[in-house]
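# Understanding the architecture of this molecule
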Amino acid sequence: MSVERLSIGIPELDSMLAGGIPAGFTVAVTGEPGTGKTVLCIHFIAEGIREGDKCVYVTTEESRESIIVQASQFGFDFSKSIRENNLVLIDALMGLKDKWSLQSLDVEELVDKVIQAKKALGYGRARLVIDSLSAFWLDKPAMSRRHSYFVKKVLSKWGFTTLVTSQYAITTSEAFGWGVEHIADGIIRFRRSVKGGVLRRYILIEKMRQTPHSLKMYEVEIIDGRGLVIRGSVDMRKEDIALPRHVMNRIRKASQKRDAEIP
Ligand SMILES: Nc1ncnc2c1ncn2[C@@H]1O[C@H](COP(=O)(O)OP(=O)(O)O)[C@@H](O)[C@H]1O
Ligand SMILES: [Mg+2]
């Protein structure tokens, strides 16, 4: 049986995924701040718009305006897509009172709003981004498992193919709370390193069900006017991206403690 795949709109990344993300999947996009998660999500939505999909983008880390400006820097006119009713950009940051804002980081409100957006956009293949999903349980990490299952279960009925981003702490590289990776059909992981005094970014597909995906880590660049560009694969030693030993020990202790708290 052949699998329907949704292109991300970055040709090299699509080929790493044997054509794209299987329809209906929930894929976790993880990595430290500034590594390219939001930029990747913007490409996924822009490609959806280009293909005539119904698109919903939930932003918790930046304002709606900020996403529109960022998209415009890569040549995507999200304002136009909103006007033409191909895109709903739900703002969970600003506490705005308009129709497409969330008043709080509450998963039930999130799910309701996404369903309303899908109804407003009408029938058709749909793409959803939740950037970030981990923001919804920042202050209650013990609830993250239950919440992630709830979001996945309810939204899967609405036919979305979904990217959810997950934040990692800068100092520990550890997911806040129980990572959304556990419920994901796929995991796209960004990494970073400073080599020769220069920040470098990398992408690795750690998991994609039903997909003979690339197992290599690739260097990526974010380029003005273009967005995310995949460079060559890298042959990195673990030490190149590993954290200092005392930091790793702290992470291990913190995650053991957290696991003990999960109901
Ligand atoms: N117009 C641009 N030209 C070049 N680089 C950009 C541009 N816009 C954003 N970037 C790069 O993208 C980074 C932000 O990436 P982003 O996807 O928002 O990170 P995150 O993983 O935190 O979501 C910035 O720190 C900058 O390096
Ligand atoms: Mg981001």
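Shown above is the structure to which this text applies.
Residues numbered from 1 in each chain as written. Chains lettered and ligands numbered in written order. Predicted model: local features only at pLDDT ≥ 70, side-chain atom pairs only at ≥ 80, totals over all residues. Heavy atoms only, no water.

## Things to note about the site of ligand 1
- Near ligand 1 you find 14 residues, and of these Gly-34, Thr-38, Gln-73, Arg-201 and Asp-224 are the closest.
- The fraction of the free accessible surface of ligand 1 (580 Å²) that becomes covered by protein chains is 71%.
- The element contributing the most residues to the shell around ligand 1 is helix α2 (residues 37–50), with three residues.
- Broken down by class, the residue content of the shell around ligand 1 amounts to four nonpolar, six polar and four charged. (Near = heavy atom within 4 Å. Areas by Shrake-Rupley, 256 points an atom, 1.4 Å probe, with all protein chains shown as cover. Helix = DSSP H or I, 4+ residues; strand = E, 2+ residues; numbered from the N terminus. Nonpolar A, V, L, I, M, F, W, Y, C, P; charged D, E, K, R; others polar.)

## With respect to the environment of Ile-130
- For Ile-130, the position within the fold is in strand β6 (residues 126–131).
- On the basis of relative accessibility, which here comes to 0%, the residue Ile-130 falls in the buried class.
- Residues Ile-130 and Val-56, 74 residues apart in the sequence, show an inter-C-alpha distance of 8.5 Å.
- Beyond its immediate chain neighbours, meaning those up to four positions away, Ile-130 contacts Val-58, Leu-110, Phe-136, Val-151, Leu-155, Leu-163, Val-164 and Thr-165. (Buried < 20%, exposed > 50% of the residue type's maximum accessible area, 1.4 Å probe, protein only. Contact = heavy atoms within 4.5 Å.)

## As for empty space enclosed by the protein
- Applying the stated criterion to the full structure yields one cavity of 30 Å³ or more.
- Quantified by volume, the largest cavity comes out at close to 90 Å³.
- Lining the largest cavity are 13 residues, with Thr-26, Val-151, Lys-152, Leu-155 and Thr-162 positioned closest to its centre.
- Going through the elements one at a time, β6, α6 (144–156) and β7 (160–167) are the ones with two or more residues in the lining of the largest cavity. (1 Å grid on protein atoms, 1.4 Å probe; cavity = no way out; pocket = protein on both sides within 12 Å on 5 of 7 lines; lining within 4 Å. Points joined across faces, edges and corners; volume = space filled by probe spheres on them.)

## A few points about α6
- With 13 residues, α6 should reach 18 Å at 1.5 Å per residue; the first-to-last C-alpha distance of 18 Å fits that figure.
- Here α6 has its buried residues at Ser-144, His-147, Ser-148, Val-151 and Leu-155. In an axial view of α6, the angular spread of the buried residues amounts to 100 degrees, which keeps them on one side of the axis. Facing away from the buried side of α6 by over 90 degrees, the exposed positions are Arg-146 and Lys-153. (Expected span 1.5 Å × (residues − 1). Arc of directions from axis to C-beta.)

## A closer look at unusual backbone geometry
- Cis geometry marks the peptide bond from Asp-131 to Ser-132; its omega dihedral reads 5 degrees.
- By the secondary structure assignment, Ser-132 is in the loop between β6 and α6.
- Here the phi dihedral of Ala-18 falls at roughly 55 degrees; this positive angle occurs in a residue that is not glycine.
- Here Ala-18 lies in the loop between α1 (11–16) and β2 (21–22).
- Here the phi dihedral of Gln-210 falls at roughly 60 degrees; this positive angle occurs in a residue that is not glycine.
- Along the chain, the position of Gln-210 falls in the loop between β9 (198–208) and β10 (217–223).
- Assessed through its relative accessible area of 55%, Gln-210 is described here as exposed.

## Structural notes on the pattern of salt bridges
- Counting across every chain of the model gives 14 salt bridges.
- Residue Arg-50 pairs with Glu-47 through a salt bridge whose shortest N-O separation is 3.0 Å. Of this pair, Arg-50 and Glu-47 are both found in helix α2, three residues apart, which corresponds to roughly one turn of the helix.
- Among the residues examined, Arg-50 registers a relative accessible area of 64% and is labelled exposed. (Salt bridge = Lys/Arg side-chain N within 4 Å of Asp/Glu carboxyl O.)

## With respect to the pairing of strand β5 (residues 87–91)
- Burial within β5 is extensive, with five of its five residues counted as buried.
- In the sheet, strand β4 (residues 54–59) pairs with β5 via five bridges, with the strands oriented parallel. Bridged to Val-58 within β5 is Ile-90. (Pairing = 2+ DSSP bridges.)

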